[in-house]
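# Observations on chain architecture
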Amino acid sequence: DVKVTQSSRYLVKRTGEKVFLECVQDMDHENMFWYRQDPGLGLRLIYFSYDVKMKEKGDIPEGYSVSREKKERFSLILESASTNQTSMYLCASSLPGLAGGGSYEQYFGPGTRLTVT
Amino acid sequence: AQSVTQPDIHITVSEGASLELRCNYSYGATPYLFWYVQSPGQGLQLLLKYFSGDTLVQGIKGFEAEFKRSQSSFNLRKPSVHWSDAAEYFCAVGFTGGGNKLTFGTGTQLKVEL
């Protein structure tokens, strides 16, 4: 089974702190994703990466950055945390897209619930 | 732009009753379709997927879904709901040329009454 792990289940940080959220997958997937999940808004894509050192902005990248130095690890960085970044953060991984450009299913980690006070 | 709609925010059913959760998408070509379930405080688990072929797909936990191209829908069904099915359900769609990304609906929260 694919396993995606996230470094923390719960995290409390203060406004202005630099925050690192770590994600590791063990299935040698090329693609990795970071989402935030808020009630009534579903999942919104922050960033994704399709290869080591490669990244693309998602729908809501402002206030976030990412790092992918190794294939299995994808980090989300909040340079200066703010209260409006309080949310559930979900990491996912997948194989590269199907021939013709479609998408394989994504496998998710358990999530990190971040509270910024 | 492509979009996914789950029109029901909350649904309540009695244990043993049948269930149908609705999902509609907006896209011109054949999409790649997924249903996920999220238990409280957990990540998302894949229930089933449709890429091509038979439009009725079977998934885990006794769920099935039917792709109806004419209605741009991919509704999730279960003939008899169990109390453990209480969770949030997300429909997701991948599009040709979508760059490996999925677009998620806003979710349907299922409550099961005993």
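Residues numbered from 1 in each chain as written. Chains lettered and ligands numbered in written order. Predicted model: local features only at pLDDT ≥ 70, side-chain atom pairs only at ≥ 80, totals over all residues. Heavy atoms only, no water.

## Points about the overall build of chain A
Per the secondary structure count, chain A includes 0 helices and 11 strands. Listed N to C, the secondary structure of chain A is β-β-β-β-β-β-β-β-β-β-β in terms of helices and strands. Counting across all 117 residues of chain A, residues that qualify as buried make up 48%. The long-range fraction of contacts in chain A, counting pairs at least 24 apart against all pairs at least 6 apart in sequence, stands at 57%. Carbon together with sulfur atoms contributes 50% to the accessible area of chain A, which is approximately 5,600 Å² in total. (Helix = DSSP H or I, 4+ residues; strand = E, 2+ residues; numbered from the N terminus. Buried < 20%, exposed > 50% of the residue type's maximum accessible area, 1.4 Å probe, protein only. Contact = heavy atoms within 4.5 Å. Areas by Shrake-Rupley, 256 points an atom, 1.4 Å probe, with all protein chains shown as cover.)

## Structural notes on the sheet that holds strand E3 (residues 19-25) of chain A
Hydrogen bonds along the backbone pair up the strands of a sheet, which may run parallel or antiparallel. Residues and elements named next belong to chain A. Strands sit in the order E1-E3-E8-E7 across an open sheet of 4 strands; the sheet is antiparallel. The open sheet terminates on both sides in strands that have one partner only, identified here as strand E1 (4-6) and strand E7 (65-70). Direction aside, the axes of adjacent strands within the sheet are offset by 20° on average. Of the strand pairs in this sheet, E7 and strand E8 (residues 73-78) are connected by 4 bridges, and their pairing is antiparallel. (Pairing = 2+ DSSP bridges. Axes fitted to C-alpha atoms, helices over the stretch in contact; angles between N-to-C directions.)

## Things to note about the pattern of salt bridges
Under the definition given, this model contains 11 salt bridges over all chains. Across the pair Asp28(A) and Lys71(A) runs a salt bridge, and its minimum N-O distance is 3.1 Å. Remark: Lys71(A) occurs in the loop between E7 and E8 and Asp28(A) occurs in the loop between E3 and strand E4 (31-38); sequence separation between them is 43 residues. Of the residues examined, Lys71(A) reaches a relative accessible area of 26% and is grouped as partly exposed. Here Asp85(B) and Lys78(B) are joined by a salt bridge, their closest N and O atoms 2.8 Å apart. Like Asp85(B), the residue Lys78(B) is buried in the burial classification. Several salt bridges share partner residues, and in doing so they unite Asp28(A), Glu30(A) and Lys71(A) into one network. (Salt bridge = Lys/Arg side-chain N within 4 Å of Asp/Glu carboxyl O.)

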